[in-house]
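Residue-level structural notes
Here is what each chain is made of, one letter per residue.
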Amino acid sequence: MSIRVGLIGAGVMGADHARILSREIPGVALQSVCDADIARARAIAEATGALHAGADPWAVIADKSVDAVVIASPDDTHAPLAKACIEAGKPVLCEKPLSQSASECLDLIAAEVKAGRRLVQIGFMRRFDPAYVEMKQTFARGVVGPALMMHNFHRNVCAPSNFTGQMAITNSAPHEFDIARFVLDADYQSITVFRPEFRDAGKAGAPVFMVLKTLGGQLVNVEINNNAAYGYDVRGELVGEKGSVFLRSPVHSEIHVNLQTITTYPADWRPRFAEAYRLQNSAWANAIATGKPVGASAWDGYAASLTAEAGVASLASGTAAKIALVAKPALY
Ligand SMILES: NC(=O)c1ccc[n+]([C@@H]2O[C@H](COP(=O)([O-])OP(=O)(O)OC[C@H]3O[C@@H](n4cnc5c(N)ncnc54)[C@H](O)[C@@H]3O)[C@@H](O)[C@H]2O)c1
């Protein structure tokens, strides 16, 4: 029996989920595609062979022919829709961020604790990226010794059209907050946000530079530059007392011409993390089949949202902001 999935949000990310779920994950059937723009829902349903197209996300969650849900609608819809999935007893793969409000995350966590089982997986797909997985495993084996620092760079060609003010911190940076926390296996105690001089400071996606401190005293720096112009580029380096692990992005060829070596950058995140998305969605389907949750939990979504919230406060105050998680429920 296939797992019948309902997809909510069929924009750039949702269309990619629809393609992956319908073509690349055995044991999954894309049952329905929902988008506020019904024409878009119909187009993606037709392209992927989904049975139904609609515009009402609540109807997808209530639909008895839907076993599990993927949420890829805008950020502010994630927590209410994911909470409704919990209440309907349906596993949900919810795109990041879980919410832009830590207290909304706690509300959802309370619902999941009440349900007594983990139903929410957050779309922090970097946890499945082979390069980050190797970095984490190398560190865990002690090859580079105790961790001192982790450097993270997140660069986009230009800020997405729907970007506003602080979304570099609340929308982009949660990936780095989560992956550094995952690789180091450490929670944060503080964050300080800096902004370089930028000719067009009012432009959506103005760059930010952040320094976080873990509870163990390691330093994590994060550059978010959504108007980097030259390409989509994610870099990372974990520095330990005995060496370092540097992230390599997949490059399949290089061109040698005119006394130069040329490699290319992707235009966005999809080619860079194609394997991570596929492995994430495959692991999610497998977790539903086996009843053994994997990947980032609602708790991890809360940790990232709390960090982002502190980051926004630090940007406003110009000083370090404290990060203090509430006590972790036994479910996580
Ligand atoms: N994991 C990742 O690497 C990654 C990458 C990109 C985007 N995302 C996340 O995915 C989400 C979508 O991003 P995107 O780039 O695809 O945006 P997008 O604007 O391309 O797509 C969003 C879609 O949701 C639809 N929509 C809006 N409100 C809706 C509602 N209430 N119900 C159903 N559909 C609704 C819109 O019509 C649109 O088609 C965002 O939350 C973003 O943070 C994650």
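All values derive from a computational prediction rather than experimental measurement. (Residues numbered from 1 in each chain as written. Predicted model: local features only at pLDDT ≥ 70, side-chain atom pairs only at ≥ 80, totals over all residues.)

1. Observations regarding the site of the ligand
Among the 25 residues in the neighbourhood of the ligand, the closest are listed as G9, G11, M13, A36 and E95. Top contributing element to the shell around the ligand by residue count: helix α1 (residues 12-23), with 3 residues. In terms of residue class, the shell around the ligand is made up of 11 nonpolar, 8 polar and 6 charged. When residues of the shell around the ligand are assigned to domains, at least three fall in each of domain 1 (3-126) and domain 2 (128-274 + 305-322). (Near = placed C-beta within 6 Å. Helix = DSSP H or I, 4+ residues; strand = E, 2+ residues; numbered from the N terminus. Nonpolar A, V, L, I, M, F, W, Y, C, P; charged D, E, K, R; others polar. Domains from an automatic or database assignment.)

2. Details of the domain arrangement of the chain
Its domain assignment divides the chain into domain 1 (3-126) and domain 2 (128-274 + 305-322). Between the C-alpha centres of domain 1 and domain 2 there is a distance of 26 Å. For the side of domain 1 that touches domain 2, the class distribution of residues is 6 nonpolar, 3 polar and 4 charged.

3. A short note on the sheet that holds strand β5 (residues 92-94)
Pairing within the open sheet is parallel, and its 6 strands lie in the order β3-β2-β1-β4-β5-β6. Across the chains shown, the open sheet's two edge strands, defined by having one partner strand only, are β3 (52-54) and β6 (120-122). Along the sheet, successive strands turn relative to each other by an average axial angle of 25°, direction set aside. (Pairing = 2+ DSSP bridges. Axes fitted to C-alpha atoms, helices over the stretch in contact; angles between N-to-C directions.)

4. Points about the packing of α1 against helix α10 (residues 274-290)
At their nearest, the axes of α1 and α10 sit 10 Å apart, and the two run at 60° to each other. Considered as vectors, α1 and α10 are oriented oblique to each other. For the pair α1 and α10, the sense of crossing is right-handed. Across the interface between the two elements, D16, H17, I20 and L21 of α1 pack against Y277, R278 and N281 of α10. Counted by class, the contact of α1 with α10 contains 3 nonpolar, 2 polar and 2 charged residues. (Parallel < 35°, antiparallel > 145°, perpendicular 65-115°, else oblique. Left-handed = near helix turned anticlockwise from the far one by under 90°. Contact = placed C-beta atoms within 7 Å.)

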